[in-house]
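Architecture and fold: a report
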Amino acid sequence: MKNVLDIHTHTLASGHAYNTITEMAKAASEKGMELLGITEHAPAMPGTCHEFYFLNLKILKRSMYGITVLFGTEVNIVNYNGKLDLREGILKKMDLVIASLHIPCLKPGTKEENTRAYLKAMENPYVNVIGHPDDSRYPIDYEALVKGAKEYHVLLELNNNSLNPEGGRENPLPNDLEMLKLCKEYKVPIVINSDAHWMDDIGNHCYCDSVLKAVDFPEELIVNRSVEEIKKYLNYYKR
């Protein structure tokens, strides 16, 4: 399958990434991407940008180096009722929104609490993607997660950074395998993302590929194959 997009990446603004917007866009173009999403960490993550940063994204061009570049956020789910760390007035202005659980922003709860956090976040009309729901420190009910994604028309992410043996998430592989098997069963689409914090990692899905192959995951459920497919999910194309 030809991969034409990567919608979860970070720049210097996130505080622990290492390239500028233009460097990331140029690298994505050179790699043959057709669409790049830049999704900075929202304010609850230590070291990231203030909410003013997100309010000013409107000034940026959405086309650079011959590709589409969209700007949004990876918001933090900050309680077990799905509260996010950017207010709705800002979220509705974002081209795309990924909602994730991060250890610095919410301590792991029970399986029921963690699952509720994801499902309640999905209810937010501006959330497009659930980011890396595979960290074993946050046990969840994957069947409920997959059914929720189908109900709320939200993409579940297969995150290459999670599967990197040097990554910081705990034992993601069995969780990703379970999620993919259920997505296949319930015909729920996924998005593969690099979670790149450095331009060389844009479009890098090397670890994801072997997991997809292991469960014989159907290409028609992977939105990376077409910009037209991702348009069905992102705020930018719903306005």
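Everything numeric in this text was worked out from a predicted model, so none of it was measured. (Residues numbered from 1 in each chain as written. Predicted model: local features only at pLDDT ≥ 70, side-chain atom pairs only at ≥ 80, totals over all residues. Heavy atoms only, no water.)

**Details of the environment of His153**
The residue His153 is located in the loop between helix H5 (142-152) and strand E7 (155-159) in this model. His153 sits 26 residues away from Val127 along the chain, and the two C-alpha atoms are 9.5 Å apart. Beyond its immediate stretch of four places on either side in the chain, His153 contacts Lys232 and Tyr233. Within the structure, His153 has its side chain in polar contact with the backbone oxygen of Lys232 (distance 2.9 Å). (Helix = DSSP H or I, 4+ residues; strand = E, 2+ residues; numbered from the N terminus. Contact = heavy atoms within 4.5 Å. Polar contact = N/O pair within 3.5 Å; in protein donor to acceptor, adjacent residues only side chain to side chain.)

**Some points on helix H1 (residues 21-30)**
Regarding H1, the residues found buried are Ile21, Met24, Ala25, Ala27 and Ala28. Buried residues along H1 cover an arc of 165° about the axis, so they all sit on one side. Taken together, the buried residues of H1 touch strand E2 (35-41), helix H2 (51-55), strand E3 (63-64) and strand E4 (67-76). One or two positions beyond H1, positive phi appears at Gly32, with a value near 85°. (Buried < 20%, exposed > 50% of the residue type's maximum accessible area, 1.4 Å probe, protein only. Arc of directions from axis to C-beta.)

**Comments concerning the pattern of salt bridges**
Overall, the coordinates contain 11 salt bridges when judged by the stated rule. A salt bridge links Arg87 to Glu51; the shortest N-O distance between them is 3.2 Å. Here Arg87, found in the loop between E4 and helix H3 (88-91), pairs with Glu51, found in helix H2; they are 36 residues apart in sequence, far enough to count as distant. On the basis of relative accessible area, Glu51 is assigned to the partly exposed category, the value being 22%. (Salt bridge = Lys/Arg side-chain N within 4 Å of Asp/Glu carboxyl O.)

**Notes on the packing of aromatic side chains**
Going through the model one piece at a time under the given rule, you end up with 2 aromatic pairs. A centroid spacing of 5.5 Å and a plane angle of 80° characterise the contact between Tyr53 and Phe54, whose relative ring orientation is edge-to-face. Look at Tyr236 and Tyr237: their rings are 5.0 Å apart centre to centre, the planes differ by 90°, and that puts the pair in the edge-to-face class. Taking relative accessible area as the criterion, Tyr236 reaches 30% and is therefore assigned partly exposed. (Phe/Tyr/Trp six-rings, centres within 6.5 Å; stacked < 30°, edge-to-face > 60°.)

**As for the nonpolar core**
Counting 60 residues, the largest nonpolar core has Leu156, Ile190 and Phe217 as the members making the most contacts within it. Examining the composition of this core, we find that 5 residues originate from one element, H1, more than from any other. Setting aside residues up to four positions removed in sequence, Ile190 forms contacts with Leu155, Leu156, Leu158, Leu180, Cys183, Leu212, Phe217, Leu221, Ile222, Val223 and Asn224. Residues Leu5, Leu35, Leu155 and Tyr233 belong to the second largest nonpolar core, which totals 15 residues. (Core = buried A, V, L, I, M, F, W, Y, C linked by side-chain atoms within 4.5 Å.)

**Considerations on the pairing of E4**
Counting buried positions along E4 gives 9 out of 10 residues, so the element sits mostly inside the fold. Alignment of E2 against E4, held across 7 bridges, turns out to be parallel. The residue of E4 that forms the bridge with His41 is Glu74. Bridge analysis of E3 against E4 gives 2 bridges, and the strand direction is antiparallel. (Pairing = 2+ DSSP bridges.)

**Examining the environment of Asn124**
Inspection of the secondary structure assignment puts Asn124 in the loop between helix H4 (111-122) and strand E6 (129-130). For Asn124, a relative accessible area of 15% puts it in the buried group. Sequence spacing of Asn124 and Lys83 is 41 residues, and the spatial spacing of their C-alpha atoms is 9.2 Å. Those residues in contact with Asn124 that lie beyond four places of it in its chain are Leu84, Glu88 and Leu91.

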